[in-house]
Amino acid sequence: MTNTSSSFLLIAIIIVSAASAKAQTADSIIQKHIAATGGADNWRKISSIKKICTRNTRGTELPVVITILKDKGYKTEFTVNGMTGYTIITDKAGWRYSPFQGQQQVDKIPDESVKQSQDLLDIEGPLIDYKIKNNKITYLGTDDVEGTECYKLKVIFPSGKEETIFIDASDYSLVRTTTKTNANGKEQLQTSTYGDYQKLPEGIIYPMSVDGGGTLTIKSIEINKPVDESIFKPAP
C-alpha cells in the first residue's frame, strides 16, 4: 500500500470514528435526559394530560386550560374579558377561534400548519423512542443559556419542522427549546424556557413554568383522567 493510500485510509477512519463518537454522544445525552425526567417507562404509561394554568402577559394573568390526548388531540382554551377562545390540533385537522379579537366564526388551520403541529400530540416528547417516531437527532455541541452550560440537540421531525433542544449539562433537565416552522412561506421562530420542575405521583418530572412570549404557570395537572374526545371538535 502506498503512503498516499495509507493517508487516505487513515483520514477515512478518523472521519468515521468521529461521526460514530458524535452519534454515541447524542444517544448518551438523550438517555441521561430521559432518566432524569422519570424514565421512558413512566412516560409511556401516560395517555392524557390536563393542565390548569395562568399566562402572565404584560402583567395581566389569563386563565388557560391545556388538554392532550396522546396521538389524538390537543386543545388550548384561553379566556380574555370573559370570552373563551381555543386552538385545536388533531391527527387530521385543526381549528382556531379568538372571539376577543372580533372573530365570529371558527377558522380551519391550514393543513401544513396542522402537519407541523403533530408533535403537540406526543406527550412523551421528541426524544423518547425518537427512532421509532422517525425524528432525526443531531448533536450540536454545547452552548451557554443564561449562565447554564447546555448540550444542544437538533431535532428534525417527519413534517420538516426543526427544533433545537438545550439540555442542562449538570442535571440533564430541559432548559430551552427553539422551534423553527414554516407557515404561508414564512419562517417563524418560537423560544420556550422551562423551569420549576416537580415530580408528579406518576413518577415523571414535569416543568410547571414555561416562558415563551409570556410566562405560563401550571397551577394543577391531571394525568390519565378520562378525556371526552368531542372536545377536539370545533364548537358549532
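Look a little higher up for the structure.
Residues numbered from 1 in each chain as written. Predicted model: local features only at pLDDT ≥ 70, side-chain atom pairs only at ≥ 80, totals over all residues. Heavy atoms only, no water.

Enquirer: Sorry, what's going on with the pairing of strand β12 (residues 205–211) here?
Expert: In regular strands, side chains alternate between the two faces of the sheet. Pairing of strand β11 (residues 186–199) with β12, which is carried by six bridges, proceeds in the antiparallel orientation. Bridge assignment links Tyr-197 to a residue of β12, and that residue is Pro-207. Hairpin connection, β11 to β12: the antiparallel pair is bridged by five residues, and Gly-203 has positive phi, about 95°. (Pairing = 2+ DSSP bridges. Helix = DSSP H or I, 4+ residues; strand = E, 2+ residues; numbered from the N terminus.)

Enquirer: Where do I start with the side chain of Thr-54 in this structure?
Expert: As for its placement among the helices and strands, Thr-54 is situated in strand β1 (residues 48–57). Those residues in contact with Thr-54, other than ones at most four positions away along the chain, are Glu-61, Leu-62, Thr-215, Leu-216, Thr-217 and Lys-219. (Contact = heavy atoms within 4.5 Å.)

Enquirer: Whenever I open this one, the pattern of salt bridges confuses me. Can you help?
Expert: Opposite charge on two side chains lets them pair, provided their charged atoms get close. One pass over the structure, following the stated rule, counts 14 salt bridges. One salt bridge in this structure joins Arg-44 and Asp-41, with 3.0 Å as the shortest N-O distance. Residue Arg-44 and its partner Asp-41 are located together in helix α2 (residues 40–44), separated by three residues, close to a single helical turn. Residue Asp-41 is classed as exposed on the basis of its relative accessible area of 53%. A salt bridge links Lys-152 to Asp-143; its shortest N-O distance comes to 3.8 Å. With relative accessibility at 18%, the residue Lys-152 sits in the buried group. The class for Asp-143 is partly exposed, based on a relative accessible area of 32%. (Salt bridge = Lys/Arg side-chain N within 4 Å of Asp/Glu carboxyl O. Buried < 20%, exposed > 50% of the residue type's maximum accessible area, 1.4 Å probe, protein only.)

Enquirer: What's the story with the pairing of strand β13 (residues 215–223) in this structure? I'm lost.
Expert: Here β1 runs beside β13; their pairing, made up of eight bridges, is antiparallel. Bridge pairing links Ile-49 to Ile-223 in β13. One ladder, built from three bridges, connects β12 with β13; its direction is antiparallel. What sits directly across from Asp-211, in β13, is Thr-215. As consecutive antiparallel partners, β12 and β13 are separated by three residues, and within that stretch Gly-213 has a phi angle of approximately 70°, a positive value.

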